[in-house]
Amino acid sequence: KDIPGTSAISPGSSKECAPDSESPSGAGEADYCRRILVRDAKGTIREIVLPKGLDLDRPKRTRTSFTAEQLYRLELEFQRCQYVVGRERTELARQLNLSETQVM
C-alpha cells in the first residue's frame, strides 16, 4: 500500500525476512518477508513489511494514453452512468478500440 509522502531510503535498504522472523506479531509473519525502510515527509524513518509475492523489481505497467475522442466518449459515459458493465462495456471498448479493462 502506498503511503503519501514516503520514499525509499536507498536501494539497499530492503532485506529479505527469515521464515522465523523475530516479529512480535508472530502469526502470519511467514506470508510477509520483505522489509523496507522509508523516510516520511517529516524525515522519520519507518520500516514497512511487505508481502512475499510483491515484486518490487518488476517494471511498472505503462499508463494508457487515450486520444481526445476516447476521453470525450469515456467522460460522457461516466456522466451518464458511473459503472459501465456487461454488454455496454464490451461495446464501448470495441467502438473506442480499447480493452474492457481500459473502459472503467
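Procedures and definitions
- Residues numbered from 1 in each chain as written.
- Predicted model: local features only at pLDDT ≥ 70, side-chain atom pairs only at ≥ 80, totals over all residues.
- Heavy atoms only, no water.
- UniProt positions renumbered as here; feature names shortened; annotations may be inferred.
- Axes fitted to C-alpha atoms, helices over the stretch in contact; angles between N-to-C directions.
- Helix = DSSP H or I, 4+ residues; strand = E, 2+ residues; numbered from the N terminus.
- Parallel < 35°, antiparallel > 145°, perpendicular 65-115°, else oblique.
- Left-handed = near helix turned anticlockwise from the far one by under 90°.
- Contact = heavy atoms within 4.5 Å.
- Core = buried A, V, L, I, M, F, W, Y, C linked by side-chain atoms within 4.5 Å.
- Buried < 20%, exposed > 50% of the residue type's maximum accessible area, 1.4 Å probe, protein only.
- Polar contact = N/O pair within 3.5 Å; in protein donor to acceptor, adjacent residues only side chain to side chain.
- Arc of directions from axis to C-beta.
- Expected span 1.5 Å × (residues − 1).

- As named in an unreviewed UniProt entry, the protein is VAX2B protein, taken from Pedionomus torquatus.
- As stated in UniProt under Subcellular location (unreviewed entry), the record for the protein gives "Nucleus".

### Remarks on the packing of helix α1 (residues 68-80) against helix α2 (residues 86-96)
In a packed pair of helices, the relevant descriptors are the angle between the two axes and the axis-to-axis distance.
Working step 1: Axis separation between α1 and α2 bottoms out at 10 Å; the angle between their running directions is 165°. Judged on the interaxial angle alone, α2 and α1 are roughly antiparallel. Handedness of the crossing formed by α1 with α2: right-handed. From α1, Q70, R73, L74, E77 and R80 reach across to α2, where they touch E88, L92, Q95 and L96.

### Overview of the nonpolar core
The nonpolar side chains of a soluble globular protein tend to be buried, and buried together.
Working step 1: Membership of the largest hydrophobic core is limited to 6 residues, which are L74, L92, A93, L96, L98 and V103.
Working step 2: Here the element with the most residues in this core is α2; it accounts for 3 residues.
Working step 3: If we skip the residues at most four places from it in the chain, L96 touches Q70, R73 and L74.

### Structural notes on the side chain of R35
Working step 1: Along the chain, R35 turns up in strand β3 (residues 32-39).
Working step 2: Within the local environment of R35, its side chain forms a polar contact with the side chain of E47, the two groups lying 3.2 Å apart.

### Overview of α2
Working step 1: Looking at α2, one finds that the buried residues are L92, A93 and L96. The buried residues of α2 all sit within an arc of 100° when viewed along its axis, so they share a single face. Among the exposed residues of α2, those pointing more than 90 degrees away from its buried face are R87 and R94.
Working step 2: On its buried face, α2 sits against α1.

### Some words on α1
The α-helix winds at 3.6 residues per turn, so residues separated by three or four positions along the chain end up facing the same way.
Working step 1: In this model, α1 (13 residues) spans 18 Å end to end at C-alpha, consistent with the 18 Å of a helix rising 1.5 Å per residue.
Working step 2: Taken together, the buried positions of α1 are occupied by Q70, L74 and E77. The buried residues of α1 occupy an angular sector of 65° when projected down its axis, which confines them to one face. Residues A68, E69, Y72, Q79 and R80 are exposed on α1 and point more than 90 degrees away from its buried face.
Working step 3: Looking at the buried positions of α1, the neighbouring elements they touch are α2.

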